[in-house]
Structures are given as C-alpha cells and as structure tokens.
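Remarks on the overall topology
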Amino acid sequence: MKPEPLLTVKDLKVHFPIQGGIFLRRQGTVYAVNGVNFSLPPGQTLGLVGESGCGKTTVGRAILNLIEATSGEINFMGQNIHSLTTPKLRQLRREMQIVFQDPFESLNPRHSVRDILLEPFIIHNVGDDASREKSVKELAERVGLGASALNRFPHEFSGGQRQRIGIARAIALKPKFIVCDEPVSALDVSIQSQIINLLIELQREMGLAYLFIAHDLAVVKHVSDVVAVMYLGKIVEIAGAQQLYKNPRHPYTQALLSAIPSTDPEADLTKKQILKGEPASPSSLPRGCAFYSRCPIGSEECLQKVPELLDLLPEENNSSQSGVALDAHQVACFKVPVRKT
Amino acid sequence: MNQPQPLLEVKNLVTSFHTEEGVARAVDNVGFRVFAGKTLGVVGESGCGKSVTALSILRLLPKPSGRIEKGEIIYQGKDILKLPVKELYDMRGKEISMIFQEPMTALNPVQKIYKQVDEVIALHFPLRNRDERYRDILSMFKRVGIADPESKLNSYPHELSGGMRQRVMIAMALSCRPKILIADEPTTALDVTIQAQILSLIKELQDEFGMAVIFITHDLGVIAEMCDDVLVMYGGTVVEYASVKDFFRHPLHPYSQGLLSAIPKIDLIPKTLLDTIPGVVPSIYELRTTSCRFANRCSHSQNLCSEKVPPLEVLDSQRQVRCFFWQQASLEFSKEK
C-alpha cells in the first residue's frame, strides 16, 4: 500500500496582476503557476526543474503560503492550509521550512549565528534557555559549522557555510518538510557536493521530505525520487528520477536533457537537440500547448487544445527496476501515447 | 613537425589588487598560449583568478586597485602591457574582443542597441559611412540569429531577453572580426536550452572566422563541449594544463580529480553521497604563498607540500602539472575508477 502523502497539491494556480497607470488599474495577468498537481510522501524528494520564469519558485512559496494562491488546494498533513486560521497555520509552519538560493540575502547581517538559530525556538516558544542553547550547539555541529561559529556573524562566512547556517535554521524545529529553492546554484562546484551530501544525510536521519527546486538537471536527478518538469506554469512531465532520465517522453524534457553539456569530450555533439527560440511570456500565454512555438514535433492539434498530464501507457513504460517512489509516468503531450481519461 | 606559432602568449603574469585589506595576488605567475582557430578553456572556482587573467590581457583591470606587477602578454610580436594607450584602444574590440557573463551590465541601459554597436565599428573603421555600417550591423545581427533585427536595433537593452542580449554582445564583439574572442562565463546566467543555442553559435562563428577563443567557465561540461585545451586554476595559479581529452581521461592534479568527481553525473545512482573536496575555497587575501595552495584540502598532501611551493612541471608541450605527488595521485585516481 502507498503511504499517505504528506503533501498534496491540487490544481494550484497563482496569477499575479500587472498594474499600471496612475490608478494602478489591472492591465494584465502573469500566469505564473497555471494548474499544478502532485503529491509527496513523507521522507521523499520531489525535484522540480524548469527554466527561469516557469513558475517553479512560485510553487514552492505558494505551498508555504508565503505567496497567496489564486486557486487550488494544498493539503499538508491532512489539513487544507488555506482553510486554517492564522494560529493554526503558524503551528503547522513548524513542520514546513524553506532553504533559499542566496545565502547572502536570506540571513540577517546584524544577527549572530546564535541569534539566527535561536529565532525559530523563540517564535514557536519551544524549550527554555538552557535547552535552546543546547539545541543550537547541536545544530551548528550537525551541519558542520562547529559550536565556535555561534558567536560570529553571517558576513564572516563563505557562501557554502552560509548555506549551512540556512539549513541549520530550517531543521531547527525538526520539520517534516523543507522547500529547497535552488540551494546549491550559487555555490562553487567543490562546495556544491558538500551541501548536497548534507541534505541527503539529513533526509536519511530525520525522515525529511524535500521539494527540491533547481534548474540543474544532474543535481535534481541526484537528490530526487520523483522529478517533475515545468514549462510556463504547468508540469509537462513527471516520473521517477531514473525513469525520467532514461526514458524522457515530452519533447521539452528530451531537449532539456540533451542540452546539458556532457563531461565526455568525445560525446557526439551532432546528436544534440537544440531548441529554437525562447519561452513565451507568462503574461501572454499562447492558445493550445504552451510549448508549441519551440516544439520540433508539434502539429495543428497542439494549437487548438491544451494537452493534459496523463499516464503513459504501460507498454511504453519500459522501466525495469522497481519504481522507487511513484510508479506513474505522466506526460502532457498529444504526440505521446497516453491513457485517455 | 613544426610547432605552430601561438597567436597570443601570456608569460609569468602577476596581477594584484591593492586594497585596504592588503595586497591580494589574484594572478600569480600564470602563463599560456592561444592558437588560431583553437579554444582554450580556463576553469576554476570563484576567486581563482580566471577572470582577472582575462581582464589583464585587455588591460581592463579596475583602477587604481588592480595592477599588473609582472609578466608579458605577447600578441603579434608586441607586448600588450607596453603598448601606448592609443594602440591599445585600436586593438581592443578589433583584434581581441571580450564578452561577459551578464550582458546587462556590459550594455549601456540608456542607449539604443544600434548606437552601441555602431560606436564600435565607427571607432575602428572611420572610413566606412553610416549606411555601410548599418548594413554590416544588420547582417551580423542576422548571422547571430536575432529575429527581426531592425526592431531589435531600435530597442533598449532591457527590452530584450537574457539570451537576446548575449547575442547582441556577441554580434558587437565580432563586428570587427577579431582574431581572439575572450568569453568570460558567457552562458552562466542563461537557461540550459538558451545556453545550448549560444554555445553552438560561438562554435559556428569560430569555424567561420577562424578566430581563437579563450573560454572562461566553472562548468566542466562546457569545457568538454567547447574546448581543445584546458587550463585549471586554483588560488591564482595554474595547477594543470592539458588537452581536453587527456584532462577528462587522466586528470593529474588532485584538485582536477576532485572537481571531476564532485559533479553529480546523470548515470550515478540517486541519493548516494558524492565525492567532495573538503574545506572551503580560499579567499584571495589568505592565500598561502610559501606552500602548495591546495595542500590543506588535498587528500594526497604530505609534509613537503606545506614546506615548499611545487613547481609547474612541464611533461610535454601539451601537459603541465603543479604537484609534487601527481604520479601517485593519478595512479590512485585511475584505480578508483
């Protein structure tokens, strides 16, 4: 039996108004997230990839209610977070945390590391002074900073170490779920692998679930159980990490994978698929499939209707290994054989 | 066989920054050669001196803090570092051009694109008239894949997307057909699919114009795809120089090996722990100058490494490495593989 999901997102939409003129009248809408569905079991990682402007960060923020969703339902630990009162939501926030991309901007420069790590305990009124001090020390040790770091300030640390502070803050109250928003994108290669390892270890120890948002496909594959690919506010393909990389079906996923520069200097570059053009603007979505303008296999049909995210037919699903997390492989494309609903 | 003549040769370059925090030797004794039609990749992490090396070639260092202390940069028999300013200006953009990571900071935000590109050509070819220049620009814009070039020429930089701006930068850099293009992380700020477009564009143009490219990046995948030779920098020094094939097959320096094994690869089993290089990337103000700069993070380091600076050993014309124990390190590395 499948475990009860920790988090379920149903038809999430986030639209931002474009305001202008002297009366700030609404002049248009940015369709940042336009109908996203997924669920995440406890202790697992969902990777969310896509290019800038595809809405991946907005999904993460909307789940934590840091951005108000326009419509849709977010269920976390069996509760719909939009129907909760503020005190209830605050309680639930203990269980959901976020690690930001830029460790330079997400830490208060005037607070020492101790203050930064104490804050969650104070806000949620957890423990007394002595137990807090003990927890803070343990946290600093756990993320590899050492207790001596507690009296220092963020500017004294390098990018990688600041990211460790951000992670320590996120795990302070032993949450069940962390949104990792591009946590390693700003880091050097040799530091990146240290932070990825830390996140993997913490997940094993604490049973954390991650929503891992990144644009680097190799990194996402490495940390995720399931990977969802977003394009202009929608998920276009979702599958187990191994499966998605072995058998990508959506033309966008295929192009994304093929665009990653390979570290094999003898790789055959002539097989490389290079997409033409650039994504449409999320404020003026085209009719039909949003990917049509760049798609190498699109046809008339794609201009008329928006493809839904549907299950790939089982015979098309040639994964031999037992699915780690989700057995489903879903694709939103008319050109791929999917099960019609 | 005759050795081909290098187009550009950098010898013993030392560049430092004099700031309130002290003197930082950002580039320490760096040397390399660039050949026509070939691409040299320069790879390293933040603060390793790769960008400063590039800026030194064109003498574009920030003043007054940045200074070239020593060295020669020979281009066509002349030392760029000794050129009078007038000749230097003539050479920049015409003989050696540069594109940057963030085109938005390299373009003037309050000037239309046309004016900015036209300025370059007008400066270097004073005899061409306006119409000729406009025709040149238009054909160059078409060449770099800018759709609807007339209207793009009439817009401001902020009206274009990141990928388009980088195309404008490339068009501008190549408008005078330079012999050398220095590309400083030109695709780092771009999405992967746009990166693929820009990389293949640079390659095509290189074949067409036969220019040499110095490609600076931290992305080893980009190095593998674009370059013929690679220069690995750490803490302001060259730690390894090799042909791309040799570098990816048998990296000799422990730092190169560490970098190669630290990147997550698509064929790894998910959620296994990655190899790491322990410690942090050194700041240029706290470099060790009397020992190997990588010693404190190196798994092969021995007493000798903290006593002396290892020399840059020249193995053959294609291979250099700066490590006392590279033989051991590379033996172990190939065993692990």
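Criteria and cut-off values
- Residues numbered from 1 in each chain as written.
- Chains lettered and ligands numbered in written order.
- Predicted model: local features only at pLDDT ≥ 70, side-chain atom pairs only at ≥ 80, totals over all residues.
- Heavy atoms only, no water.
- Axes fitted to C-alpha atoms, helices over the stretch in contact; angles between N-to-C directions.
- Helix = DSSP H or I, 4+ residues; strand = E, 2+ residues; numbered from the N terminus.
- Parallel < 35°, antiparallel > 145°, perpendicular 65-115°, else oblique.
- Left-handed = near helix turned anticlockwise from the far one by under 90°.
- Contact = heavy atoms within 4.5 Å.
- Nonpolar A, V, L, I, M, F, W, Y, C, P; charged D, E, K, R; others polar.
- Salt bridge = Lys/Arg side-chain N within 4 Å of Asp/Glu carboxyl O.
- Buried < 20%, exposed > 50% of the residue type's maximum accessible area, 1.4 Å probe, protein only.
- Pairing = 2+ DSSP bridges.
- Buried area = accessible area lost by both parts, 1.4 Å probe.
- Core = buried A, V, L, I, M, F, W, Y, C linked by side-chain atoms within 4.5 Å.
- pLDDT = per-residue confidence, 0-100.

To continue, consider the packing of helix α3 (residues 113-123) of chain A against helix α5 (residues 159-171) of chain A. Residues and elements named next belong to chain A. Running from N to C, α3 and α5 cross one another at 25°; their axes reach a closest spacing of 8 Å. On the basis of the axis angle, α3 is roughly parallel to α5. For the pair α3 and α5, the sense of crossing is right-handed. Touching Val113, Ile116, Leu117 and Pro120 of α3 are Ile165, Ala168 and Arg169, all from α5. Residues that form the contact of α3 with α5 fall into these classes: six nonpolar, no polar and one charged.

This paragraph deals with the pattern of salt bridges. Here the structure, examined in full by the defined rule, presents 26 salt bridges over all chains. Among the ionic pairs, Arg294(A) bridges to Glu51(A), the shortest N-O distance being 3.5 Å. With Arg294(A) in the loop between α9 (251-259) and α10 (300-304) and Glu51(A) in the loop between β3 (45-49) and α1 (56-63), this residue pair connects regions lying 243 residues apart in the sequence. Taking the relative accessible area as the measure of exposure, Arg294(A) reaches 4% and is therefore buried. The partner of Arg293(B) in a salt bridge is Asp28(B), and the shortest N-O contact between them spans 2.8 Å. A residue pair is termed long-range when its members are at least 10 positions apart, and Arg293(B) in the loop between α11 (254-262) and α12 (303-307) and Asp28(B) in strand β2 (residues 22-34) qualify at 265 residues. On the accessibility criterion, Arg293(B) (10% relative accessible area) is buried. With a relative accessible area of 11%, Asp28(B) lands in the buried category. Via salt bridges that share partners, Arg114(A), Glu133(A) and Lys137(A) belong to a single interconnected network.

Quick look at the sheet that holds strand β6 (residues 96-99) of chain B now. All names here are of chain B. One open sheet accounts for eight strands, arranged β6-β7-β8-β3-β9-β10-β12-β11; its pairing is mixed. Both outer strands of the open sheet, β6 and β11 (313-316), are each paired with one neighbouring strand and no more. Adjacent strand axes in the sheet meet at a mean angle of 20° when their direction is disregarded.

Take the interface of chain A and chain B next. At the junction of the two partners, chain A supplies 47 residues and chain B supplies 45 residues. Between chain A and chain B, a total of about 3,800 Å² is buried, with carbon and sulfur atoms accounting for 60% of that surface. Looking only at chain A, the three residues that lose the most surface to chain B are Val189(A), His222(A) and Thr263(A), adding up to 17% of its buried area. Summed over the shared surface of chain A and chain B, the number is three salt bridges. Where Glu266(A) meets Arg249(B), a salt bridge forms, and the shortest distance between an N and an O atom there is 3.1 Å.

Residues and elements named next belong to chain B. Along the polypeptide, Arg288 turns up in the loop between α11 and α12. With relative accessibility at 30%, the residue Arg288 sits in the partly exposed group. Along the sequence, Arg288 and Val309 sit 21 residues apart, while their C-alpha atoms lie 9.2 Å from each other. With residues up to four places along the chain from it excluded, the contact list for Arg288 reads Arg293, Ala295 and Asn296.

As a further point, take unusual backbone geometry. All names here are of chain B. Look at the link from Lys63 to Pro64: it is a cis peptide, with omega at 0°. Mapped onto the elements of the fold, Pro64 is located in the loop between α1 (50-57) and β4 (66-75). A positive phi angle, near 45°, is found at Asn12, a position not held by glycine. Locating Asn12 in the fold gives a position in strand β1 (residues 8-19).

When a protein is soluble and globular, its nonpolar side chains tend to lie buried together. By size, the foremost hydrophobic cluster in this structure holds 67 residues, and its most contacted members are Phe141(B), Ile170(B) and Phe215(B). Here the element with the most residues in this core is helix α7 (residues 162-174) of chain B; it accounts for eight residues. Aside from chain neighbours lying at most four places away, what touches Ile170(B) is Ile99(B), Val144(B), Ile198(B), Leu201(B), Ile202(B) and Leu205(B). Grouped together as the second largest cluster of nonpolar side chains are 66 residues, Phe121(A), Ile167(A), Ala172(A) and Tyr231(A) included.

This part takes up the pairing of strand β2 (residues 25-40) of chain A. Residues and elements named next belong to chain A. Pairing geometry for strand β1 (residues 7-20) and β2, over twelve bridges, is antiparallel. Bridge pairing in β2 places Leu12 opposite Val36. Taking the residues between adjacent antiparallel strands as the criterion, β1 and β2 are bridged by four residues, where Gly21 takes a positive phi near 75°.

Across chain A, the average pLDDT comes to 89, with 95% of residues at 70 or higher. Every residue in residues 320-326 of chain A is under pLDDT 50, and counting partners more than four places away or in other chains gives ten contacts.

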